[in-house]
Amino acid sequence: MKLNSPLQVYKYLPQINCAECGEATCMAFASHLIDRSKKLDDCPPLLKDEFKKKYMELQTLLAPEIHEVTIGKGEHARKIGGDDVLYRHQLTFFNPTAFAYDVWDTMAETELVERINKISNFRKFYVGKFLKVDMVAVRCVSGDALKFANTVKKVAETTKLPLVLCSFDPAALKAALEVVKDKNPLIYAATEKNWGEVAELALNYKVPVVLFSPDLDKLKSLALTFREMGIKDLVLDPGSYPQGVQLKGSFERFIKLRRAGIKEGQKDIAFPIMAVPLNAWLVYKDAVTASYWETVLASVFTVRYGDIMILHSLEPYAVLPEVHLRDTIYTDPRTPVKVAPGVNEVGSPAKDSPVIVTTNFALTYYTVESDLSSNKINCYLAAVDTDGIGVEAAVAGGQLTAAKIKDTFQKAGFEFKDKTSHNALILPGLAARLQGDVEDVTGLRVMIGPPDSGRIPGWMEKNWPPKPK
Amino acid sequence: MTKKIKLSELGSLLGGEIQALEGVKIEGDVEIDLGQAGLNPQMAYALGHETAQVAIHLMNISRILGYPVDQMLGATAAPKRLTKLIESRFSAGKIEDWKTPIQEVVLGATSSDGGTRKSTVTLGGETALPYYFDGPMPHRNHITMDVFDMPINMAKAVKSNYEDVINSPAEWAKKVVRDFGADMVTIHLISTDPNIKDTSPAQAAKTVEEVLQAVDVPIVIGGSGNPEKDPAVLEKAAEVAEGERCLLASASLNLDYARIAEAAKKYNHVVLSWTQLEINAQKELNRKLMKQCGVARENILMDPTTAALGYGLDYAYTNMERIRLAGLSGDTELNFPMSSGTTNAWGARESWMVSSPLKEDSDWGPREYRGPIWEIVTGLTLSLAGNDLFMMMHPTAVQVLKEITQTLYGGKETEPVNIDNWISAVI
Ligand code: SF4
């Protein structure tokens with residue numbers, strides 16, 4: 001964005017400190033506009049006529065450096081692009097990389113439906129939410145426009161996920177667009193050869209379009225030309241080669257494009273970038289090797305500036321690390337690492353319920369909590385203040401000690417005599433070495449839980465309630 | 001439905017007469033696209049109401065009519081048709097701030113330098129983020145594989161590779177170098193922990209000697225992680241490995257780092273400066289090692305802590321990236337090569353658990369394939385942040401991480417692949 005201090009933004013605001021935006025002052029609101037945690041429309045006075053000009057100016061000045069492109073319609077629509085920084089610690093990255101998994105028009109219908117359902121049903125629970133994948137990319141393999149359109153039709157009937165229509169043949173794209181013209185699909189791709197006809201499609205159907213060229217001069221030419229024609233929802237595919245020096249070249253192009261867009265303000269190429277890790281399958285035929293390499297390529301381009309990617313492998317060992325890495329890179333680094341220390345109830349604990357200790361590192365805490373609640377284990381869960389460090393590291397680094405554990409229960413006013421019938425607490429398996437210390441300091445019976453909270457249900461079956469000594 | 005209005009209609013819509021649009025030449029009747037579903041909110045707002053606003057509206061509109069057309073109202077002029085691509089050249093500049101190279105550190109010493117290693121490993125020397133075009137990356141990434149001085153709990157997928165050598169650190173070390181392509185070996189003296197076996201420093205040092213005899217690559221000597229015991233253990237190990245330029249793992253703020261630094265100086269080794277995901281602590285420890293303990297710059301490597309994918313890798317990644325950027329931009333307390341305990345990836349349940357403990361999850365598939373890729377992605381992510389040396393466990397993970405890091409480094413010549421027809425590939 002063009003403004004970088006709250007003061008600059010403040011000049012455009014009503015400056016009446018009415019607090020309708022939920023902030024005490026316009027200045028505070030301004031700083032939220034800068035860090036993108038609030039939107040212009042959150043300030044009602046600014047929407048009044050008298051401020052219309054300021055509103056519009058601000059809107060331009062606050063627009064992200066990388067153009068934001070929306071693909072699909074309705075609740076499943078996904079935005080891509082919209083970034084303002086090159087490194088996540090400088091702010092955060094916006095709009096996580098969209099993962100589009102492929103289907104193709106030579107698939108048998110049952111196979112096709114099964115694959116689409118697999119794509120749209122994928123989910124992985126993680127820290128209070130589900131990680132999912134986003135889109136279906138339909139490849140025209142047959143070369144037959146009608147066949148392609150029929151497949152696209154079937155896909156659109158089967159899933160609400162946004163679509164990417166892939167063919168270098170404008171006739172095939174047109175046939176498919178006719179079928180899904182109200183769904184705002186992304187079309188792939190305009191090249192040096194077919195650009196005129198594809199541009200015509202993008203204009204007529206008002207859909208976002210990918211420009212493909214591994215030659216950055218040509219890619220920029222295409223972008224300039226499309227913009228000049230009034231097509232602004234562009235995505236750039238600078239070519240994802242799967243190996244060797246060619247891959248190094250691809251990596252370099254991703255970095256150059258994003259640097260030019262964000263650091264150098266080159267508006268002409270400041271568009272979302274597409275990666276095609278699927279190209280791993282052009283060199284590896286063995287499914288495991290190809291899936292592994294595809295995951296490797298996806299990882300490289302998740303870290304370095306891919307905004308959308310086309311993938312093939314639906315093997316869990318490929319998809320799981322992919323969605324986790326995307327979450328890693330796009331998690332807002334400004335959100336706190338820690339949960340409040342204390343003793344919390346999970347479910348509705350009674351006197352014979354276990355008391356379990358963990359750290360206040362948010363990831364650890366939420367993982368343990370979801371393992372317990374998902375398995376319907378009623379208990380008390382103590383978050384010890386370890387400065388937001390996980391169990392193993394906190395034991396090694398001295399942030400998780402017997403004294404800290406005692407302190408946590410004391411501060412929470414948790415009396416084992418009153419709250420429990422067993423006078424016992426359960427330490428994480430990775431903190432086993434603290435057992436003696438904790439027994440000495442608290443006088444409680446100290447049991448050692450499993451090293452991973454996912455195993456608590458099995459552990460409970462064997463060890464709970466505690467056998468009398 | 002897209003709604004289009006003509007400029008002339010806009011005039012009547014606004015209820016006024018348009019006399020002229022200053023500074024705008026209009027050729028033909030310009031169509032203004034009002035977006036999908038009728039008016040978009042901003043346009044509705046812009047067109048909203050009083051005639052008093054007309055002047056401002058038109059000023060805004062006049063801006064729109066020039067190029068670029070899209071900035072303010074989301075409106076587009078009637079599309080132009082072009083018949084030729086607009087010629088252009090693309091270029092992106094280099095980063096000017098990266099003026100300070102990362103310190104070069106040599107691990108291992110050959111006979112000409114007072115050691116017995118056959119080869120050495122050089123880390124550091126970068127002048128840009130890894131694999132970037134801004135400046136040369138003089139040395140590739142290296143991998144050191146873990147060896148333990150006693151059998152330990154390991155994920156099944158890892159263990160199956162080491163069952164035959166699990167009771168012999170020397171054989172274990174040979175195996176990782178011979179069969180798995182390890183550049184280096186890390187001997188972890190975990191049995192020295194008073195809570196495990198309380199092996200004496202002298203006894204542990206014997207294990208180090210055995211490993212040094214078994215392999216001729218540089219080695220890392222790791223303690224048990226017990227802050228009371230480690231200084232004595234590493235000191236003794238450093239003594240028996242005198243002159244070998246081993247990496248002593250680790251000095252940290254919560255133990256007697258000065259004693260480890262002293263041992264490194266006295267017996268010619270390199271110190272691993274280990275902190276926990278905290279850039280300022282890393283600066284502090286590096287500064288103490290240099291200023292207070294007198295460790296030379298070429299004898300310091302950093303381990304800013306590796307958290308597994310899904311278990312804090314975001315902190316580890318950003319911490320490393322910030323450290324590397326600070327180093328390149330001139331912070332001479334942070335411009336050292338980095339090392340990652342990539343093996344920590346195996347702490348993630350996704351890498352070893354048979355299936356998800358949560359009923360809501362999609363099938364996790366076979367864990368044999370999940371584990372290595374978890375280690376690969378954890379390492380690869382950190383390699384992009386600037387990590388130089390990887391401490392790893394699974395042979396497949398080692399192969400794949402080597403392949404990708406060396407590809408990005410530029411050391412892989414392969415047959416060119418044509419990707420122009422990827423769409424119609426039969427997979
Ligand atoms: S709502 Fe607008 S005018 Fe009121 S305090 Fe917030 S920013 Fe200022």
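Only a predicted model underlies this, so the values are computations on that prediction, with no experimental measurement involved.

This brings us to the overall build of chain A. Looking only at helices and strands, one finds 17 helices and 17 strands in chain A. Taking the principal axes of its C-alpha atoms as reference, chain A extends roughly 80 × 65 × 40 Å. Every one of the 469 residues in chain A was classed for burial, and the buried ones make up 59%. Residue pairs at least 24 apart in sequence account for 63% of intrachain contacts in chain A once pairs closer than 6 positions are excluded. Where the 58 positive side-chain charges of chain A centre and where its 57 negative ones centre are 2 Å apart.

The next thing to look at is unusual backbone geometry. Between Trp464(A) and Pro465(A) the backbone carries a cis peptide bond, its omega angle lying at -5 degrees. Of note, Pro465(A) is situated in the segment after α17 (456–463). Positive phi is not limited to glycine here, since Asn268(B) has a value of about 60 degrees. Its location among the elements puts Asn268(B) in the loop between α8 (257–267) and β9 (270–274).

Now for the sheet that holds strand β7 (residues 163–166) of chain A. Residues and elements named next belong to chain A. Spatially, eight strands are ordered β10-β9-β8-β7-β6-β3-β12-β11 in an open sheet, and the strand pairing comes out parallel. Two strands bound the open sheet, and with one partner strand each, they are β10 (234–237) and β11 (274–275). Across four bridges, the pairing between strand β3 (residues 98–104) and strand β12 (residues 308–311) is parallel. When the bridges of β12 are listed, Ala-98 appears paired with Ile-308. Relative to the sheet, helix α7 (residues 195–205) contacts β8 (186–190) and β9 (209–212), its axis offset from that of β8 by approximately 160 degrees. Docked against the sheet, helix α10 (residues 287–303) engages β3, β11 and β12, running at close to 180 degrees with respect to β12.

The environment of the ligand is made up of Pro14(A), Ile16(A), Asn17(A), Cys18(A), Ala19(A), Glu20(A), Cys21(A), Cys26(A), Phe29(A), Cys43(A), Pro44(A) and Pro45(A). The residue inventory of the shell around the ligand, partitioned by class, reads 10 nonpolar, one polar and one charged.

With that settled, consider the packing of α10(A) against helix α11 (residues 316–330) of chain A. All names here are of chain A. Contact pair α10 / α11: the axes reach a minimum separation of 9 Å and the direction vectors enclose 5 degrees. In terms of their interaxial angle, α10 and α11 are classed as roughly parallel. Between α10 and α11, the contacting residues are Ala-287, Val-288, Ser-291, Tyr-292, Glu-294, Thr-295, Ala-298, Ser-299, Thr-302 and Val-303 on the first element and Tyr-317, Ala-318, Pro-321, Glu-322, Leu-325, Arg-326, Ile-329 and Tyr-330 on the second. Residue composition of the contact of α10 with α11, by class: 11 nonpolar, four polar and three charged.

Next up on the list: the interface of chain A and chain B. Facing 117 residues of chain A, the contacting portion of chain B comprises 111 residues. The junction of chain A with chain B conceals about 10,200 Å² of combined surface from both sides, 62% of it contributed by carbon and sulfur atoms. It is Glu228(A), Arg259(A) and Tyr292(A) that lose the most area in chain A upon contact with chain B, and together they represent 7% of the buried surface on that side. Linking chain A to chain B there are eight salt bridges. Residues Asp452(A) and Arg349(B) are paired through a salt bridge, measuring 3.0 Å at the closest nitrogen-oxygen approach. The tally of links from chain A across to chain B stands at 38 residue pairs in polar contact (both at pLDDT 80 or more). The element that contributes the greatest number of residues to the side of chain A that touches chain B is helix α9 (residues 244–262) of chain A, accounting for 12 residues. Within the side of chain A that touches chain B, the residues separate by chemical class into 58 nonpolar, 31 polar and 28 charged.

All names here are of chain B. Within the sequence span of α8, burial applies to Tyr-257, Ile-260, Ala-261, Ala-263, Ala-264 and Tyr-267. One side of α8 carries all its buried residues, which in axial view fall inside an arc of 160 degrees. Once α8 finishes, Asn-268 follows within two positions and takes phi at roughly 60 degrees, a positive value.

Let's shift gears to the confidence of the model for chain B. This prediction gives chain B a mean pLDDT of 86; 81% of its residues lie at or above 70. Reported for the predicted complex are a pTM of 0.84 and an ipTM of 0.85.

Turning our attention to the sheet that holds β9(B). Whenever strands of a sheet pair, they do so through backbone hydrogen bonds, lying parallel or antiparallel. Residue and element names in this part refer to chain B. Strand order in this open sheet of eight strands is β10-β9-β8-β7-β6-β5-β12-β11, and the pairing throughout is parallel. Of all strands in the sheet, those bounded by a partner on one side alone are β10 (300–303) and β11 (339–340). Strand direction decides the pairing type here: strand β8 (residues 247–251) and β9, joined by four bridges, are parallel. Opposite Leu-248, over in β9, you have Val-271 as the bridge partner. Together, β5 (142–148) and β12 (389–392) form the strand contacts of helix α13 (residues 395–409), whose direction differs from that of β5 by roughly 170 degrees.

With that settled, the discussion passes to the domain arrangement of chain A. When its domains are assigned, chain A resolves into domain 1 (6–62), domain 2 (68–330) and domain 3 (342–463). Inter-centroid distance (C-alpha atoms) of domain 1 of chain A to domain 2 of chain A is 34 Å.

Let's shift gears to the pairing of β3(A). All names here are of chain A. In terms of burial, β3 is largely enclosed, as seven of its seven residues are buried. Of the two faces of β3, the one carrying Ala-98, Ala-100, Asp-102 and Trp-104 and the one carrying Phe-99, Tyr-101 and Val-103 are both buried. Sheet topology note: the β3/strand β6 (residues 135–139) ladder contains five bridges and is parallel. Within the sheet, the bridge partner assigned to Ala-100 lies in β6 and is Met-135.

A word on the packing of aromatic side chains. A complete count under the given rule lists 22 aromatic pairs over all chains for this structure. Where Phe168(A) meets Tyr188(A), the ring centres are 5.7 Å apart and the plane angle is 55 degrees; that geometry is what we call tilted. In this pair, Phe168(A) sits in the loop between β7 and α6 (170–180) while Tyr188(A) sits in strand β8, placing the two residues 20 residues apart along the sequence. Look at Tyr188(A) and you get buried, because its relative accessible area is 0%. Considering the side-chain rings of Phe251(A) and Tyr131(B), the 6.2 Å spacing of their centres and the 75 degrees angle between planes classify their relative orientation as edge-to-face. Placement of Phe251(A) in helix α9 and of Tyr131(B) in the loop between β4 (121–123) and β5 is noted, with the two residues assigned to different chains. As far as burial versus exposure is concerned, Phe251(A) and Tyr131(B) are alike and both buried. Over the face of the ring belonging to Phe94(A) we find Arg36(A), whose NZ or CZ atom lies 3.4 Å from the ring centre. The ring of Phe99(A) has Arg326(A) sitting right over it, with the charged end atom 4.2 Å from the ring centre.

Rules of the game
Residues numbered from 1 in each chain as written. Chains lettered and ligands numbered in written order. Predicted model: local features only at pLDDT ≥ 70, side-chain atom pairs only at ≥ 80, totals over all residues. Heavy atoms only, no water. Helix = DSSP H or I, 4+ residues; strand = E, 2+ residues; numbered from the N terminus. Buried < 20%, exposed > 50% of the residue type's maximum accessible area, 1.4 Å probe, protein only. Contact = heavy atoms within 4.5 Å. Lys, Arg positive; Asp, Glu negative; His and termini not counted. Charge placed at Lys NZ, Arg CZ, Asp CG, Glu CD. Pairing = 2+ DSSP bridges. Axes fitted to C-alpha atoms, helices over the stretch in contact; angles between N-to-C directions. Near = heavy atom within 4 Å. Nonpolar A, V, L, I, M, F, W, Y, C, P; charged D, E, K, R; others polar. Parallel < 35°, antiparallel > 145°, perpendicular 65-115°, else oblique. Buried area = accessible area lost by both parts, 1.4 Å probe. Salt bridge = Lys/Arg side-chain N within 4 Å of Asp/Glu carboxyl O. Polar contact = N/O pair within 3.5 Å; in protein donor to acceptor, adjacent residues only side chain to side chain. Arc of directions from axis to C-beta. pLDDT = per-residue confidence, 0-100. Domains from an automatic or database assignment. Phe/Tyr/Trp six-rings, centres within 6.5 Å; stacked < 30°, edge-to-face > 60°. Lys NZ or Arg CZ within 6 Å of the ring centre and 35° of its normal.

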